[in-house]
Every structure is written in C-alpha cells, then in structure tokens.
Amino acid sequence: MANAFPVEVVYALPDAATVLKVTAEAGNSVGALIRASGILERHPEIDLSQNKVGVFSRQVKLDYEVKPGERIEIYRPLIADPKEVRKRRAEQAKVKS
C-alpha cells in the first residue's frame, strides 16, 4: 500500500455533516470508495442511482478515478428549483420596497 492516500467522503444534511476518511489507492473509483467508507450503512436514504456525486463541488460519475487530496461529496436531491426560489425572493423584495 505504498501508493495509498487518504480521501474524505462527505454527506451534508441541513443540521450536520458526516465526514468519513477512507484509504484510497491509484485506480479507485468514487463509487468504490463511497461503498468502502460505510456511509451507505449510516445513511440508508442515499441511493447512488439517484444521488449525484462530486469532487470539490464538481459533479463526477461513479467511475471517476479519485486522485490524492480530493474530497468525495454526495449531494442531496434539490427540494426546490433554485431559479424559482430566486424569482420569488425578487418579487417579495419588490413588494416590500
């Protein structure tokens, strides 16, 4: 394991985040490291066929090969369309002024 390196797997909820460290090796994929981290057992609501994943806020596929120093992020599904939320806020601001 001379070429092993640490990687963090992160899943953020509104009130807390789960951050797990896992040892990766060259050629390990995001999907394999997520499974190896044990985060799927801690958060059974995560469905890798539905939840998007990324590395440092950049969306990647599950077969993406992780490099040293990267952090794997599991994203929750959006509850509201961000464009609609901004539009509603702008309309409310107009009414208040």
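The structure we're discussing is the one just above.
Residues numbered from 1 in each chain as written. Predicted model: local features only at pLDDT ≥ 70, side-chain atom pairs only at ≥ 80, totals over all residues. Heavy atoms only, no water.

Engineer: Can you walk me through the overall build of the protein in this structure?
Structural biologist: Along its length, the protein carries three helices and five strands. Each helix (α) and strand (β) of the protein, taken in turn from the N terminus, gives the series β-β-α-α-β-β-β-α. Its C-alpha atoms give the protein a radius of gyration of 17 Å, clearly above 13 Å, the size a compact globule of 97 residues would have. Seen through its C-alpha atoms, the protein measures out along the principal axes to roughly 65 × 25 × 20 Å. The proportion of buried residues among the 97 residues of the protein is 32%. For the protein, contacts bridging at least 24 residues in sequence account for 44% of all contacts bridging at least 6. Total accessible area on the protein stands at roughly 6,800 Å², and carbon and sulfur atoms take up 53% of it. Side-chain charges of the protein comprise 16 positive and 13 negative groups, with the mean position of each set lying 9 Å from the other. (Helix = DSSP H or I, 4+ residues; strand = E, 2+ residues; numbered from the N terminus. Rg over C-alpha atoms; globule rule 2.2 N^0.38 Å. Buried < 20%, exposed > 50% of the residue type's maximum accessible area, 1.4 Å probe, protein only. Contact = heavy atoms within 4.5 Å. Areas by Shrake-Rupley, 256 points an atom, 1.4 Å probe, with all protein chains shown as cover. Lys, Arg positive; Asp, Glu negative; His and termini not counted. Charge placed at Lys NZ, Arg CZ, Asp CG, Glu CD.)

Engineer: Got a minute to help me understand the side chain of His43 in this structure?
Structural biologist: The residue His43 is located in the loop between α2 (39-42) and β3 (53-55) in this model. Classification of His43 by relative accessible area gives buried; the value is 9%. Not counting chain neighbours up to four residues away, the residues in contact with His43 comprise Tyr11, Leu13 and Thr18.

Engineer: Is there a simple way to think about the side chain of Glu73 in this case?
Structural biologist: Tracing the sequence through the fold places Glu73 in strand β5 (residues 71-74). The class of Glu73 is buried, set by a relative accessible area of 7%. A polar side-chain atom of Glu73 sits 2.7 Å from the main-chain amide nitrogen of Ser57. Among the polar contacts made by the side chain of Glu73, one reaches the side chain of Tyr75 at a distance of 2.6 Å. Setting aside chain neighbours within four positions, we find Glu73 in contact with Val10, Lys52, Val53, Gly54, Val55, Phe56 and Ser57. (Polar contact = N/O pair within 3.5 Å; in protein donor to acceptor, adjacent residues only side chain to side chain.)

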